[in-house]
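Here is how the chains run, residue by residue.
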Amino acid sequence: MSILYRNDLLAPYLALPQGEKVQAEYVWIDGDNGLRSKTTTVKSKVTDIGQLRIWDFDGSSTNQAPGHDSDVYLRPAAIFKDPFRGGDNIIVLCETYNNDGTPNKTNFRHHAAKIMEQAKDEVPWFGLEQEYTLFDVDGNPFGWPKGGFPGPQGPYYCGAGTSKVFARDLIEAHYRACLYAGINISGINAEVMPSQWEFQVGPCEGISMGDHLWMARYLLVRIAEQWGIKVSFHPKPLAGDWNGAGCHTNFSTKAMREPGGMKAIEQAIERLGQRHNEHIAVYGEDNDLRLTGRHETGHIGQFSSGVANRGASIRIPRHVAAQGYGYLEDRRPASNIDPYRVTGIVVETVCLATEGADN
């Protein structure tokens, strides 16, 4: 049974004045690559992240700590405007730390931030393409016939019209909420499988890529909650002749973006190929179900690259090859990645590799 929000009942209360105090929603990544949040009151409008306190939570309830030593601490890392409460209210993305001051085992942002700092002179830019699938509360793909299937793939990608697209109102709400929040969302489109969608975030530099993607995911699941719809980031949510879901990772350095940058792009691809298995290890759970060599994917066990080839591990867009500089697209990451792990290892491999690695 789905219990939907009663926004008509809630609206008068959200319109009440709240004085100088604001609500800060602390968001963190749990032990299962999911999202959690809770709210605190701050005495006045927040203009600097240093105004926010370090908070704590019960890590034994989020698979982040044992019951006998369960306190995990939330350190604010990034602030976004709150599209649910409006006004000066904020959403705070946090890192998780143990009581001894060490990063929690699930805090991949900490390590990624160190890598980004080491490579800051390379000015690494990212753009991530987040695919996801919508399900109803009974676990059926949203809008699909009960106990049956829609027509085969073909008319749904970037489709328009009844029976071709599903839940466009939810998708539009998410897009506008991201813009309001300050997330660098750059587009949306319906995907190949019905009830599968994609949003793109970027370009973002360094550690901000992970921050913006995680916050975009948080807004999506919160808005879907109001619609009574479940969001799945599984890379192969349905078996059979249906496309999987990925998180294609577009990447460039300053050298790649400048005229003559194709040499740097080719060097990056060579380095990525040398560490293929290490990348696959952090490119998402169950990615083997998606990277089969079918449905616009390369095979998980083989590294490949090519111009405009959506069946390759790394794709060089045709316009990039024509102009001789730009960026590359790593098509291997699954939809359920932790973006800190993916952006971190890409920068580590491409920007921090020793000269000997290319010989």
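Note on numbering: residues in each chain are counted from 1, in written sequence order. Residue-level local features of this predicted model are given only where pLDDT is at least 70; pairs of side-chain atoms are given and counted only at 80 or more, and the full residue set underlies all totals for whole chains, interfaces and linings. Side-chain calculation: all heavy atoms of the structure are included, whereas hydrogens and water are not.

Going by an unreviewed UniProt entry, the protein carries the name Glutamine synthetase and comes from Coprinellus micaceus. The UniProt entry for the protein carries the following comment under Catalytic activity (unreviewed entry): "L-glutamate + NH4(+) + ATP = L-glutamine + ADP + phosphate + H(+)". Taken directly from UniProt, the Subcellular location (unreviewed entry) text for the protein runs: "Cytoplasm". UniProt positions are given in the numbering used here, feature names are shortened, and annotations may be inferred rather than shown by experiment.

S.K.: Describe the overall build of the protein, and please don't skip the residues or the numbers.
M.R.: Scanning the protein for helices and strands turns up 9 helices and 13 strands. The size measure is the radius of gyration over C-alpha atoms, and the globule rule it meets is 2.2 Å times the number of residues to the 0.38 power. A compact globule built from 359 residues should have a C-alpha radius of gyration of about 21 Å, and the protein, at 21 Å, falls within 12% of that. Reported as C-alpha extents along the three principal axes, the dimensions of the protein are approximately 60 × 50 × 40 Å. We call a residue buried when its accessible area falls under 20% of the maximum for its residue type, exposed when it is over 50%, and partly exposed in between, using a 1.4 Å probe and counting protein chains only. In the protein, which comprises 359 residues, the proportion classed as buried is 50%. Considering only contacts in the protein between residues 6 or more positions apart, those separated by 24 or more positions represent 66%. A total accessible area of about 16600 Å² is found for the protein, and carbon and sulfur atoms account for 51% of it. Put simply, DSSP marks the helices as runs of H or I at least four residues long and the strands as runs of E at least two long, and each gets a number from the N terminus on. Working rule for contacts: check all heavy atoms of both residues, and any pair within 4.5 Å makes them a contact. Per-residue accessibility takes into account occlusion by the displayed protein chains alone, with areas from the Shrake-Rupley method and a 1.4 Å probe.

S.K.: Account for helix H3 (residues 168-181), naming residues and giving values.
M.R.: The end-to-end C-alpha distance of H3 is 20 Å, a good match for the 20 Å that 14 residues give at a rise of 1.5 Å each. Trailing H3 by a residue or two, Gly182 shows a phi angle of about 95°, which is positive. In this analysis, the expected span of each helix is defined as 1.5 Å times one less than the number of residues it contains.

S.K.: Run through the UniProt feature "domain: GS beta-grasp" (unreviewed entry) in the protein, naming residues and quoting values.
M.R.: Residues annotated by UniProt as "domain: GS beta-grasp" (unreviewed entry) correspond here to residues 22-101. Secondary structure over residues 22-101 splits into 0% helix and 49% strand, and the C-alpha atoms at its two ends are 28 Å apart.

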